[in-house]
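Per-entry structural report
Here's the letter readout for the chains.
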Amino acid sequence: MNRFEYVRAGTVSEAVAALAADPSARFIAGGTNLVDLMKYNVERPSRLVDISRLPLDAIEERDGGLRIGALVPNATLAYDERVRARYPLLGDALLAGASAQLRNAASTGGNLNQRTRCYYFYDEGTPCNKRQPGSGCPAIGGVNRIHAIFGTSAHCIATHPSDMCVALAALDATVRVEGPKGERSIAFSDYHRLPGDDPQRDTTLEPGEIVLSVDLPERGFAERYTYLKLRDRLSYAFALVSVAAALDLDGDTIREARLALGGVAHKPWRNREAEALLKGKPATRDSFQAAADLIVREAQPQSQNGFKIELARRAIVRGLEQAAAGTPQSSSDKRIQ
Amino acid sequence: MTATFSPTGRDTYVGTARSRVDGPAKVTGLAKYAGEFAAPDLAHGYVVSSRIAKGRILSIDTSDAEKVPGVVKVLTHENRPRTAFLAMNYRDMVAPPGSPFRALYDDKIHFSGQPVALVVAEDFETARFAASLVRVTYEAETPATEIAELKDLAYDPPKKRSGIKPPPEPWGDADAAFDGAPVKVREDYRLAIEHHNPMEPHASTVVREGDGKYTVYDKTQGVANSHGYLTAVFGLNKADVRVVNPYIGGGFGSGLRPQYQLFLAMLAARDLDRSVRVVLTRDQMWTFTHRPDALQTVSLGAGPDGALQALKHDVIQETSRYEDYQETIPNWSGVLYRCDNVAMSYRLAQTDMATPGDMRAPGAVTGVFAIETAMDELAQATGQDPIALRLRNYAEADATAGGKPFGSKELKEALRQGAERFGWARRNPEPRSTREGRELVGWGMACGIWEAMMQQSSVHAALTPDGRLELGNATGDLGTGTYTILTQIGADALGLRMEDVTVKLGDTRLAEAPVAGGSWTAASSGTAAMRACRDIAEQAFRLARGLDESPLANVEFDRVVLEGGRIAVADDPARSMALTDVLRKAGVERLEATGKAAPDKDHAKQFESYTHSAIFAEVKVDEELGQVRVTRIVSAIAAGKILNTKTARSQILGGIVMGIGSALEEESMLDHRLGRFMNHNLGEYHVPVNADIHDIEVIFVDEEDKANPLGVKGLGEIGIVGTAAAIANAVFHATGKRVRHLPITVDKILG
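Numbers given for residues are sequential positions, taken from 1 along each chain in its written order. Lettering for chains starts from A, numbering for ligands starts from 1, and both go in the order in which the items are written. Under the rules for a predicted model, residues below a pLDDT of 70 receive no local features and side-chain atom pairs below 80 are neither given nor counted, while totals for whole chains, interfaces and linings still include all residues.

Each helix corresponds to a stretch of at least 4 residues labelled H or I by DSSP, and each strand to a stretch of at least 2 residues labelled E; elements are numbered beginning at the N terminus. Secondary structure summary: chain B contains 17 helices and 30 strands in total. Throughout, the radius of gyration refers to the C-alpha atoms, and the reference size of a globule is 2.2 Å times the residue count to the power 0.38. What you see for chain B is a C-alpha radius of gyration of 27 Å, in line with the 27 Å of a compact globule of 751 residues. Expressed as lengths along the three principal axes of its C-alpha atoms, the size of chain B is roughly 85 × 70 × 50 Å. Considering chain B as a whole, with its 751 residues, one finds that 60% of them fall into the buried category. Around each residue's C-beta, the other C-beta atoms within 10 Å are counted; 20 or more make the residue buried, 12 or fewer make it exposed, and counts in between make it partly exposed. All C-beta atoms are placed from the backbone.

Structure follows, in structure tokens:
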């Protein structure tokens with residue numbers, strides 16, 4: 001861990017100015033990821049700008065939806081009554097992640113901006129294009145059973161580790177940010193990016209921009225949804241594959257389907273073609289399988305993670321079944337329904 | 001010989017459920033661990049680890065690190081002080097044959113993560129920061145870490161490791177018998193490499209006491225071993241070094257040998273003439289020892305009734321290039337089952353990794369997984385019930401020891417009680433026959449075995465006129481309950497309350513005792529404690545009898561009992577004296593005694609000593625999604641006398657949970673191109689969490705054993721042995737899928 005300066009931002013504009021003035025400064029809120037990264041010398045910020053006391057910690061009603069301040073802790077968000085009632089998919093996804101202690105400390109904005117869990121990224125004894133552009137990607141052909149099957153590049157096969165973001169992607173949330181050029185909103189699916197040629201960039205945030213809130217639209221799919229997370233142990237492990245599924249049914253017919261996958265790509269993976277395919281179809285295993293087949297058609301295996309393709313296919317089907325039946329995956333009973 | 005510790009013939013404390021006497025200190029944070037001791041002149045060392053696995057260091061540039069204010073010195077192979085020259089000086093008590101690794105010795109890199117520099121600074125944070133500024137360039141060679149590609153280079157270790165049984169000479173003609181057997185099972189088995197990962201990372205604090213004397217707080221399972229190592233390596237007088245480690249935050253074998261942080265802390269302390277602490281990081285816990293990889297082939301030939309006609313168990317195990325680490329892997333097959341044609345082999349293959357080491361039930365976890373899975377395969381192949389098959393081939397004597405009988409072996413009773421408790425009789429033998437909702441349900445079983453060992457040990461006892469007893473020796477309490485059982489023994493032996501007994505452990509100033517490991521501590525130090533207390537009792541009796549108008553006048557020792565803090569005539573309890581009065585009236589400030597224990601050679605000539613277990617596992621498998629849940633375990637243990645039913649149960653529970661981890665989760669993943677473990681943190685190296693653990697029931701089967709006066713056999717290892725096989729067998733029963741390469745992860749269920 002390097003030596004760094006510490007400043008506390010009193011206002012959002014102060015925070016933005018502090019980061020704009022020093023590109024190697026970093027915002028810190030809960031610190032549940034950044035501090036680890038600093039201990040591993042992956043991040044070496046010259047300065048930490050403490051944003052934890054900015055007035056961004058409220059959950060507010062807005063346009064029929066909810067505005068979630070960037071500093072709302074994951075635990076607060078997961079147990080918020082409005083979230084439980086109207087966006088249970090989001091609450092369940094949050095509770096599927098990390099541990100109680102981490103959820104108490106981790107913020108909404110921090111969850112968005114957490115870095116990958118690729119082994120090589122965390123190990124400065126190895127090359128990594130995300131950590132050190134141009135050094136190479138030993139995960140390709142290396143230890144990669146947890147790595148991506150969608151949207152990889154020749155430079156990076158890392159995944160985004162968040163559970164919360166998978167639900168937010170399915171719910172069509174919006175990320176509101178402020179930067180030196182003012183405020184703007186980013187559609188959730190555009191917030192995280194694929195690695196391409198510059199895997200060091202995880203998001204489309206511009207330099208100096210800070211997340212103000214995550215805005216949820218009115219529709220929460222509270223009737224038919226599930227967050228199904230498959231992992232190597234039943235708690236405190238990142239997803240091998242996770243599925244956020246939400247359905248709107250008219251009788252047995254699918255009026256609308258939302259489907260996002262976690263643990264399989266550099267960003268929450270949505271396939272709108274598959275969602276469109278489900279529209280108007282009966283809510284049956286056959287329909288779900290057709291959608292799953294369509295999604296995994298573009299999957300690319302690495303040397304050790306080929307199983308994820310079949311796992312993703314089956315998880316999509318199961319997730320849609322759970323959503324259709326109105327029996328969401330319980331995050332306390334680890335038996336999969 | 002006596003069945004109880006108390007001369008009254010009934011123990012108050014031994015054999016009952018008692019909470020750990022060290023529990024309050026641990027949960028309130030009062031218990032101090034090796035990395036928590038301090039000194040006014042304490043400096044902090046931070047290790048710089050090699051990023052390559054093989055090759056040599058071309059250069060180390062420490063200039064930027066040294067410029068950081070607060071940095072005291074950066075030690076490397078280029079500026080290290082001289083230590084002992086001969087390799088033998090680095091060989092600790094439990095070292096395997098070979099030349100032990102020496103940190104900062106020269107420019108050679110033997111394994112990934114090897115320490116290449118130690119940055120010493122005034123505080124930990126400065127040392128850690130400066131360590132990130134040390135620039136090392138290497139000339140890398142291609143490492144070899146996959147033993148499957150090194151099979152052709154395997155060899156018989158020319159020197160055997162002390163205390164480790166090589167495979168016995170074959171008997172009968174296993175190959176011919178196998179070829180001719182009506183039913184054959186021949187399969188390969190493998191476990192993942194596992195790392196011990198105790199909660200407490202390895203740490204050493206060397207406190208300079210002046211006059212060339214040192215007090216060393218070391219995370220070790222045996223202070224005597226660290227002491228011997230330090231004096232030999234640094235040429236120090238025995239009396240000038242005191243090694244202390246009162247508490248261990250988990251060891252599992254990783255603290256048996258002195259590890260490199262101890263060497264580095266003393267090296268820096270000597271060089272700088274000040275106190276130094278070195279604490280390893282969690283990722284550095286992947287850089288010194290591990291449960292070795294092993295390729296195993298088990299070949300079973302049997303008649304249609306399942307009676308074994310041939311048994312072969314062949315093992316190639318990984319070791320480092322500088323030491324021939326050995327553990328007992330195949331032999332267990334020949335101990336567990338009776339067969340006329342047996343051949344077992346055990347060879348080593350060298351890799352570019354750090355020397356592997358003992359990890360909870362070393363060898364048995366590995367070998368028993370293979371034989372107990374193979375036996376399940378034979379049960380399936382012959383249509384036999386897995387328990388019936390084991391009873392058909394039940395060994396009444398140890399064929400690997402020339403047919404010597406077992407001192408005691410209540411495995412049959414363990415099988416009976418375990419099966420009854422589990423409800424085994426209701427099992428439908430057909431795989432895939434039971435379903436609950438989306439899940440397939442499977443029931444599997446296996447046997448476990450571990451050696452019941454004893455080592456030379458001693459315990460010092462002192463009784464003072466306030467009625468308090470102090471017991472002490474140098475062994476460690478791994479968190480298993482040694483403090484507690486010695487307290488119970490002392491209280492019962494002298495008729496005191498447990499509150500009146502204090503136990504001190506883990507200090508080279510205390511009575512000599514072996515490292516804590518191998519499940520031998522209760523038998524060895526327990527026996528020594530009992531003898532020390534008997535000695536005290538006899539001294540107190542003689543004092544009492546010699547007093548004027550003694551109520552014990554003309555009574556012999558064998559007629560007295562000690563109970564309720566009093567010494568009394570057994571058949572005339574009115575004739576008694578308080579122990580406190582005896583010492584006060586006799587004007588004695590303290591009674592002292594040292595009790596010694598050693599293996600009973602006569603018994604060992606006649607009998608072999610093992611603990612056994614019968615493990616029953618229920619799994620529920622969501623086959624479509626590859627999810628396995630272990631919903632129930634019953635483990636019936638035959639391990640002699642149980643001193644404390646609570647700490648004993650906890651030990652077995654811990655072993656079972658570790659076995660569940662071994663079966664389903666634990667795996668140190670190597671990048672063979674880099675020769676480096678990649679998931680070196682507890683987020684990505686998975687051990688079971690609460691959500692993975694459901695019902696576990698432990699049964700202790702009555703077993704009388706005479707290998708030591710306590711009738712104790714030890715419990716540290718037996719809980720884990722066989723557990724993974726029971727789970728893998730249950731997975732087969734649930735799904736019809738046989739997984740022979742642990743851990744049983746999602747991909748192996750799907751594939």
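So much for the structure itself; the text now carries on.
With that settled, the discussion passes to the UniProt feature "domain: FAD-binding PCMH-type" (unreviewed entry) in chain A. When the UniProt feature table is mapped onto this chain numbering, "domain: FAD-binding PCMH-type" (unreviewed entry) sits at residues 1-221 of chain A. Across residues 1-221 of chain A one finds 29% helix and 18% strand; the C-alpha atoms that close the span lie 44 Å apart. UniProt positions are given in the numbering used here, feature names are shortened, and annotations may be inferred rather than shown by experiment.

With that settled, the discussion passes to the domain arrangement of chain A. A common way to report how large an interface is uses the accessible area buried once the components associate. Examined at the domain level, chain A breaks down into domain 1 (5-53) and domain 2 (225-325). Domains are outlined according to an automatic or database domain assignment. Distance between the C-alpha centres of domain 1 of chain A and domain 2 of chain A: 36 Å.

What follows covers the UniProt feature "domain: Aldehyde oxidase/xanthine dehydrogenase a/b hammerhead" (unreviewed entry) in chain B. In the numbering adopted here, UniProt assigns the feature "domain: Aldehyde oxidase/xanthine dehydrogenase a/b hammerhead" (unreviewed entry) to residues 28-142 of chain B. Taken end to end, residues 28-142 of chain B is 11% helix and 30% strand, and its two terminal C-alpha atoms sit 49 Å from one another.

In this section: the interface of chain B and chain A. Contact definition: two residues whose C-beta atoms, as placed from backbone geometry, lie within 7 Å. At the junction of the two partners, chain B supplies 30 residues and chain A supplies 30 residues. Listed by contribution, the elements that provide at least two residues to the side of chain B that touches chain A are helix H3 (124-131), strand S27 (627-638) and helix H17 (746-750) of chain B. With three residues, H17 of chain B is the largest single contributor of residues to the side of chain B that touches chain A. Within the side of chain B that touches chain A, the residues separate by chemical class into ten nonpolar, seven polar and 13 charged. Residues are grouped as follows: nonpolar covers Ala, Val, Leu, Ile, Met, Phe, Trp, Tyr, Cys and Pro; charged covers Asp, Glu, Lys and Arg; every other residue, Gly included, is treated as polar.

So, about the sheet that holds strand S4 (residues 59-62) of chain A. Residues and elements named next belong to chain A. Two strands pair under a simple rule: DSSP has to find at least two bridges between them. Read across the sheet, five strands follow the order S4-S5-S8-S6-S7 without closing on themselves; strand pairing throughout is antiparallel. Looking at which strands have only one partner, the edges of the open sheet turn out to be S4 and strand S7 (182-187). The average angle at which neighbouring strand axes cross in this sheet is 25°, direction not considered. For strand S6 (residues 174-179) and strand S8 (residues 210-216), the ladder comprises five bridges, and the chain directions are antiparallel. Each residue of the ladder has a partner; that of Val 177, found in S8, is Val 211. Axis lines are fitted to C-alpha atoms, over the contacting stretch for helices. Their N-to-C directions set the angle, which ranges from 0 to 180 degrees.

A few words on the sheet that holds strand S3 (residues 71-76) of chain B. All names here are of chain B. Pairing is mixed across the open sheet formed by seven strands, whose spatial order is S3-S5-S1-S11-S8-S9-S10. Two strands bound the open sheet, and with one partner strand each, they are S3 and strand S10 (241-244). With strand direction ignored, the average angle separating the axes of adjacent strands in the sheet is 20°. Alignment of S3 against strand S5 (residues 115-121), held across five bridges, turns out to be antiparallel. Opposite Lys 73, over in S5, you have Val 120 as the bridge partner. Relative to S10, helix H5 (residues 223-234) is tilted by about 150°, and along the sheet it contacts strand S9 (213-218) and S10.

This part takes up the nonpolar core. Side chains that are nonpolar tend, in soluble globular proteins, to be buried together. The term nonpolar core means buried Ala, Val, Leu, Ile, Met, Phe, Trp, Tyr and Cys residues held together as one set by C-beta atoms within 7 Å. Core analysis: the biggest nonpolar cluster contains 347 residues, and Leu 89 of chain A together with Val 119 of chain B have the highest contact counts within it. Per-element tally for this core: the top contributor is helix H12 (residues 521-546) of chain B, with 13 residues. Residues in contact with Val 119 of chain B, not counting those within four places in the same chain, are Gly 45, Tyr 46, Val 48, Ala 65, Val 71, Val 74, Ala 127, Ala 130, Ala 131 and Val 134 of chain B.

Here the focus is helix H13 (residues 579-586) of chain B. Residues and elements named next belong to chain B. The set of residues buried in H13 consists of Leu 579, Val 582 and Leu 583. Along H13, the residues classed as buried sweep out an arc of 90° about the axis, all on the same side. Along its buried surface, H13 packs onto strand S19 (457-463), H12, strand S23 (566-569), strand S24 (572-578) and strand S25 (591-597). Gly 587, located one to two residues past H13, shows a positive phi value of around 65°. Arc definition: directions from the helix axis to the C-beta atoms.

Glycine aside, negative phi is the norm for most residues, and most peptide bonds take the trans geometry. All names here are of chain B. Omega for the bond connecting Leu 742 with Pro 743 falls within 30 degrees of zero, at -5°, which places this linkage in the cis form. Looking at where Pro 743 falls in the secondary structure, it is placed in the loop between helix H16 (723-735) and H17. Backbone geometry at Leu 104 places phi at a positive 55°, although glycine is not the residue there. Residue placement: Leu 104 occurs in the loop between S3 and strand S4 (108-109). We note that Ala 361 has phi near 55°; this positive angle belongs to a residue other than glycine. Its location among the elements puts Ala 361 in the loop between strand S14 (342-350) and helix H8 (364-382).

We now examine the pairing of strand S2 (residues 25-28) of chain A. Residue and element names in this part refer to chain A. Burial along S2 is two-sided: the face carrying Ala 25 and Phe 27 and the face carrying Arg 26 and Ile 28 are both buried. The pairing of S2 with strand S3 (residues 47-50) spans four bridges and is classified as parallel. In the sheet register, Phe 27 faces S3, and the bridge partner there is Val 49. By convention, orient the strands away from the viewer: a clockwise path from the first strand over the helix to the second makes the crossover right-handed. A crossover links S2 with its parallel partner S3, the connecting element being helix H2 (residues 34-39), and its sense is right-handed.

The subject of this paragraph is the pairing of S6 of chain A. Here S6 of chain A runs beside S7 of chain A; their pairing, made up of six bridges, is antiparallel. What sits directly across from Val 175 of chain A, in S7 of chain A, is Ile 186 of chain A.

With that settled, consider the environment of Phe 369 of chain B. Residues and elements named next belong to chain B. Looking at the secondary structure, you find Phe 369 in helix H8. For Phe 369, a count of 30 C-beta atoms within 10 Å puts it in the buried group. Taking C-alpha positions, Phe 369 is 16 Å from Thr 611, a pair spaced 242 residues apart along the chain. Beyond its immediate chain neighbours, meaning those up to four positions away, Phe 369 contacts Tyr 189, Leu 191, Ala 724, Ala 725 and Leu 742.

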